[in-house]
Amino acid sequence: MGSMAILARQLGHTVTGSDLNVYPPMSTQLQQQGIELMQGYRAEHLQPAPDLVVIGNALSRGNEAVEYVLDKGLNYTSGAQWLKEHVLCDKWVLAIAGTHGKTTTASMLAWILECAGMAPGYLIGGVPANFSVSARLGETDFFVIEADEYDTAFFDKRSKFVHYQPRTVVLNNLEYDHADIFADLAAIQRQFHHLLRVVPASGQVIYNSDPASLSQVLEMGCWSEQVSMGASVDSDWYYQLLSADGSHFALYLKGEKKGEVNWQLNGRHNVYNGMMALIAARHVGVDIDHAIAALNSFEGVKRRMELLAVHNGVTVYDDFAHHPTAIATTLDGLRKKVGRERIIAVIEPRSNTMRLGCHSQQLVESVALADEVIWYQPPGLQWQLDEIIAAANNKVEQSIEAVIAAIIQATQSNSDVQINSHVVIMSNGGFGGVHQKLLTRLQQLTDNSTGSTDE
């Protein structure tokens, strides 16, 4: 919704927005774009009456602002419908769908098109480091969008991505998620198939051939060209890791080597993301060598294993992972990068699915590669973390201050040899400001250590 507000502002509209707990980087860029932020969903935020109210899918009946819109007969629509009618209607839409990697893959694709001189428009849920904002209208017919399967609005229960009418579709992966609106994986697969139903015959569906869940969607019917990508040589596109951490890999098309990517990212999941972005760019005419060069200069996305700081041998990352698979693949990539150095995972189970406990049994296995795991038990969690987190290297804390204290303790070496530590903070929310509070504490420890040495 924040990225959408930026597009509306670029179209010349005066834009205001109501939300709860808006935090950086989105809050910062909205303010920079001249968009007024108002805390909470209050009726007075809609006075005087705006020309149009765009209602996000987080709001339901009973919300004060929603009830005011309905009672007063204000003109309203969903975010996805507004995009279709005002932004995407005359565009070649490249949509990135999947349970994981949408933001990163969309950012990669937009950057590839940018480097190719195609000046695309884009709407991305995060802030790509190669761009200054998370959304723009662009200067050509090409538009890259992060295509989410979550429902559209309280009055439209279809997935958002069916509104986008893409010509190029990436299906990155598919697992069970969003337990608050989907009963099972089959319900999500039906929505993915609804997406395929609106792709024209002249369009292209690029899919990950590894998970059976996506193959099952395609078996329901697909009327467009299909291009597969996976680990198997039976896929149209496949890769070969040239470094264990995924920072260097070769790519192949039907057995023919097409080049090598040597970049600053790591993790097998990012190999998939990069391959998908490259194949999608090829569909709109980007040369493979140009796409590879763009990937090699890709700087990542804020909050996706974003390096925050290094203090006295302690490296701190911010990551958006909030699903067991995403947690596991992120830690796997880091482990292969840092070897035997110490990894401390700090996790807030904040998503609706996590709060319901649907993935609770998978969590212990997902953090197996971390040396120590610090879990935050947030208010409103409908199950007790300590019911399943019983491993010796796991701790459960009830406050942000206790989380920070546990991190500090975990990073302190008991030996005479300094052991580098990597702290990965994982949450899809603000996590109580733990990031900056931890960095402040680490800086204080560094200053104290330096001061004692000077004495």
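As shown above, the structure is provided for reference.
Everything numeric here is computed off the predicted structure, so don't read it as measured data.

K.L.:
Describe the pairing of strand E14 (residues 237–241), naming the residues involved and giving the relevant values.
P.N.:
As paired elements, strand E13 (residues 225–230) and E14 share two bridges and run parallel to each other. When the sheet's bridge partners are listed, Met 229 is paired in E14 with Trp 237. By the bridge criterion, five bridges tie E14 to strand E15 (residues 248–253) in an arrangement that is antiparallel. Along E15, the bridge assignment pairs Tyr 239 with Leu 251. Taking the residues that link successive antiparallel strands as the turn, the E14-E15 hairpin has six residues, and the phi of Gly 246 there is positive, at about 85°.

K.L.:
Outline the packing of aromatic side chains, listing residues and values.
P.N.:
Pairs of aromatic rings are described using the distance from one ring centre to the other and the angle between the two planes. Applying the stated criterion across every chain, the model contains ten aromatic pairs. Measuring from centroid to centroid gives 5.9 Å for Trp 92 and Phe 142, while their planes differ by 50°, and the two rings are tilted. Of this pair, Trp 92 sits in strand E5 (residues 92–97) while Phe 142 is found in strand E8 (residues 142–146), placing the two residues 50 residues apart along the sequence. Here Trp 92 falls in the partly exposed class, since its relative accessible area comes to 26%. A relative accessible area of 18% places Phe 142 in the buried class. Ring plane angle 45° and centroid distance 4.7 Å describe the contact between Tyr 122 and Phe 131, whose orientation is recorded as tilted. The buried category is assigned to Tyr 122, whose relative accessible area is 1%.

K.L.:
Explain the sheet that holds E15 to me, using residue names and the numbers behind them.
P.N.:
Paired through backbone hydrogen bonds, the strands of a sheet run either parallel or antiparallel to each other. In spatial order, the strands read E7-E6-E8-E5-E11-E12-E13-E14-E15-E16; together these ten strands make up an open sheet with mixed pairing. For this open sheet the edge positions go to strand E7 (135–136) and strand E16 (256–262), each flanked by a neighbour on one side alone. Across the sheet, helix H4 (residues 79–88) touches E5, strand E6 (121–123) and E8, and the angle it forms with E8 is around 165°.

K.L.:
Give a detailed account of the environment of Trp 82, specifying residues and quantitative values.
P.N.:
Mapped onto the elements, Trp 82 comes out in helix H4. A relative accessible area of 5% places Trp 82 in the buried class. Distance in space between the C-alpha atoms of Trp 82 and Met 4 is 9.0 Å, their sequence separation being 78 residues. Those residues in contact with Trp 82, other than ones at most four positions away along the chain, are Met 4, Leu 7, Ala 8, Leu 11, Leu 52, Val 54, Thr 77 and Val 87.

K.L.:
Talk me through the environment of Ile 288; I want residue IDs and the actual numbers.
P.N.:
Considering the arrangement of structural elements, one finds Ile 288 in helix H9 (residues 288–296). With sequence-adjacent residues up to four places away left out, Ile 288 is seen in contact with Trp 237, Leu 251, Lys 258, Leu 278 and Arg 282.

K.L.:
Pulling in residues and values, what's your account of the sheet that holds strand E21 (residues 394–397)?
P.N.:
Spatially, the six strands line up as an open sheet ordered E17-E18-E22-E19-E20-E21, and their pairing is mixed. This sheet does not close on itself; its edge strands, each paired only once, are strand E17 (306–311) and E21. Neighbour to neighbour, the strand axes of the sheet diverge by 20° on average, direction disregarded. The pairing of strand E19 (residues 342–347) with strand E20 (residues 372–376) spans four bridges and is classified as parallel. From the neighbouring strand, Ile 344 faces E20, where its bridge partner is Glu 372. Docked against the sheet, helix H13 (residues 400–411) engages strand E18 (314–319), E19, E20, E21 and strand E22 (421–426), running at close to 175° with respect to E20.

K.L.:
If you had to explain the side chain of Thr 152 to someone new, which residues and values would you point to?
P.N.:
Residue placement: Thr 152 occurs in strand E9 (residues 151–153). On the basis of relative accessible area, Thr 152 is assigned to the buried category, the value being 2%. From its side chain, Thr 152 meets the backbone oxygen of Arg 158 in a polar contact 2.7 Å long. At a separation of 3.3 Å, a polar atom in the side chain of Thr 152 contacts the side chain of His 163. Those residues in contact with Thr 152 that sit more than four places away from it in its chain are Gly 56, Asn 57, Ser 78, Ala 80, Arg 158, Ser 159, Lys 160 and His 163.

K.L.:
Tell me about H9, and name the residues and values.
P.N.:
Where H9 is concerned, the buried positions are Ile 288, Ala 291, Ile 292, Ala 294 and Leu 295. Viewed end-on, H9 has its buried residues packed into an arc of 160°, placing them on one side of the element. Pointing more than 90 degrees away from the buried face of H9 are the exposed residues Asp 289 and His 290. Looking at where H9 begins, the residue whose side-chain oxygen comes 2.9 Å from the main-chain nitrogen of Asp 289 is Asp 287.

K.L.:
Report on the pattern of salt bridges, specifying residues and quantitative values.
P.N.:
Throughout the structure, instances matching the rule amount to 13 salt bridges. The partner of Asp 151 in a salt bridge is Lys 157, and the shortest N-O contact between them spans 2.6 Å. In this structure Asp 151 comes out as buried when scored by relative accessible area, which is 5%. Lys 395 is the salt-bridge partner of Glu 372, the closest N and O atoms lying 3.4 Å from each other. Placement of Glu 372 in strand E20 and of Lys 395 in strand E21 is noted, with a sequence separation of 23 residues between them.

K.L.:
Residues and numbers for helix H5 (residues 102–115), please.
P.N.:
With 14 residues, H5 should cover 20 Å at 1.5 Å per step; its first-to-last C-alpha distance of 20 Å lies within 8% of that length. Along H5, twelve of the 14 residues are buried, which leaves the element largely enclosed by surrounding structure. Here H5 has its buried residues at Lys 102, Thr 103, Thr 104, Thr 105, Ala 106, Ser 107, Met 108, Leu 109, Ala 110, Trp 111, Ile 112 and Leu 113. Where the residues of H5 are buried, they touch E5, E6, E8, helix H8 (268–283) and H9.

K.L.:
Explain the nonpolar core to me, and be specific about the residues and the numbers.
P.N.:
One recurring pattern in soluble globular proteins: nonpolar side chains tend to sit buried together. Ranked by size, the top nonpolar core spans 46 residues in total, and within it Leu 109, Leu 113, Trp 237, Leu 251 and Leu 278 carry the most contacts. Ranked by the residues each element gives to this core, the list is headed by H8, at nine residues. Beyond its immediate stretch of four places on either side in the chain, Leu 113 contacts Leu 94, Met 118, Ala 119, Pro 120, Phe 142, Val 144, Ala 281, Val 284 and Val 286. If you look at the next biggest cluster of nonpolar residues, it comprises 41 residues, including Met 26, Leu 174, Ala 187 and Cys 222.

The rules behind these values
Residues numbered from 1 in each chain as written. Predicted model: local features only at pLDDT ≥ 70, side-chain atom pairs only at ≥ 80, totals over all residues. Heavy atoms only, no water. Pairing = 2+ DSSP bridges. Helix = DSSP H or I, 4+ residues; strand = E, 2+ residues; numbered from the N terminus. Phe/Tyr/Trp six-rings, centres within 6.5 Å; stacked < 30°, edge-to-face > 60°. Buried < 20%, exposed > 50% of the residue type's maximum accessible area, 1.4 Å probe, protein only. Contact = heavy atoms within 4.5 Å. Axes fitted to C-alpha atoms, helices over the stretch in contact; angles between N-to-C directions. Polar contact = N/O pair within 3.5 Å; in protein donor to acceptor, adjacent residues only side chain to side chain. Arc of directions from axis to C-beta. Salt bridge = Lys/Arg side-chain N within 4 Å of Asp/Glu carboxyl O. Expected span 1.5 Å × (residues − 1). Core = buried A, V, L, I, M, F, W, Y, C linked by side-chain atoms within 4.5 Å.

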